[in-house]
Amino acid sequence: MRNPVTNIASMATVTDIPDWCTVEGAGIGVYQGFGIAGDGAENPLAAPDEAMLSRMHRASPAAHAHRVKTPTLLALGKVDRRVPVSQGLEYYHTLKGLGVPTKALLYPKCDHAIDLPASEVRSLTLTRNLILNLTANPNPKRNL
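Residues numbered from 1 in each chain as written. Predicted model: local features only at pLDDT ≥ 70, side-chain atom pairs only at ≥ 80, totals over all residues. Heavy atoms only, no water.

## Some thoughts on the environment of L105
And step 1. In this structure, L105 sits in strand β4 (residues 102-107).
And step 2. Among the residues examined, L105 registers a relative accessible area of 1% and is labelled buried.
And step 3. With sequence-adjacent residues up to four places away left out, L105 is seen in contact with L73, L74, A75, L76, R122, S123 and L126. (Helix = DSSP H or I, 4+ residues; strand = E, 2+ residues; numbered from the N terminus. Buried < 20%, exposed > 50% of the residue type's maximum accessible area, 1.4 Å probe, protein only. Contact = heavy atoms within 4.5 Å.)

Here is the structure:
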């Protein structure tokens, strides 16, 4: 997975696309900001409330990580403002803690696209190798 959104609730206030988090994660049709300021005016910088965070979490892969059995390869751009690298690292540690063979590739100079030639070649080559290894020997208990 390349720069995956894995926990919408923890991403909502640190991304450059909070509107995506509310529409996709909380099921709200239109982004209206996260809350109301003390004077009753809309405050798009306010934090999401508990109910919204709960809906976002339930819509996230992190809430269903206990079902993952397939070895997982994460490619993470460290300067990604769209999906912060913390998303992938959080998922990496969750899957490792659950005993799922997991590897994280960190690309220090890449953003969301991971499109520097050397980074893209490495990411695609390792993804190809993982797929070939899984199809040759589909035993999910082995390491990456």
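Moving on, there is more to tell.
## Thoughts on the nonpolar core
And step 1. Counting 10 residues, the largest nonpolar core consists of I8, A9, M11, A12, I17, C21, A26, M52, M56 and V83.
And step 2. The set of elements that each furnish at least two residues to this core consists of α1 (8-11) and α3 (50-58).
And step 3. With three residues, α1 is the largest single contributor of residues to this core.
And step 4. The residues touching A9, leaving out its near neighbours within four places in the chain, are L53, M56, H57 and S60. (Core = buried A, V, L, I, M, F, W, Y, C linked by side-chain atoms within 4.5 Å.)

## Brief notes about the pairing of strand β3 (residues 72-77)
And step 1. By the criterion of burial, β3 is predominantly enclosed, with six of the six residues buried.
And step 2. Two strands pair when backbone bridges link them, and β3 and β4 are joined in this way by six bridges, in the parallel orientation. What sits directly across from A75, in β4, is L105.
And step 3. Remark: the β3/helix α4 (residues 85-97)/β4 crossover connection has right-handed handedness. (Pairing = 2+ DSSP bridges. Right-handed = clockwise from strand over helix to strand, strands pointing away.)

## Thoughts on the environment of V68
And step 1. By the element assignment, V68 lies in the loop between α3 and β3.
And step 2. The spatial distance from the C-alpha of V68 to the C-alpha of P101 is 10.0 Å, given a sequence separation of 33 residues.
And step 3. Not counting residues up to four positions away in its chain, the partners in contact with V68 are Y91, L95 and V100.

## Observations concerning helix α2 (residues 18-25)
Owing to its 3.6 residues per turn, the α-helix brings residues three or four apart onto one side.
And step 1. Residues of α2 that are buried: P18, C21, T22 and G25. For α2, the arc enclosing every buried residue in end-on projection is 105 degrees, short of the 170-degree limit, so these residues lie on one face.
And step 2. For α2, the secondary structure elements touched by its buried residues are α1 and α3.
And step 3. One or two positions beyond α2, positive phi appears at G27, with a value near 75 degrees. (Arc of directions from axis to C-beta.)

## A look at the confidence of the model for the protein chain
Reading predicted coordinates in detail is not appropriate for stretches of low pLDDT.
And step 1. Model confidence for the protein chain is summarised by a mean pLDDT of 86, while 83% of its residues fall at 70 or above.
And step 2. Per-residue pLDDT, averaged within each element of the protein chain, yields its smallest value for strand β1 (residues 35-36) (52) and its largest for α4 (97).
And step 3. Contacts from residues 36-40, a stretch scored under 50 in pLDDT, to residues over four places away or in other chains number five contacts. (pLDDT = per-residue confidence, 0-100.)

## A word on the side chain of S60
And step 1. Tracing the backbone shows S60 in the loop between α3 and β3.
And step 2. For S60, a relative accessible area of 1% translates into the label buried.

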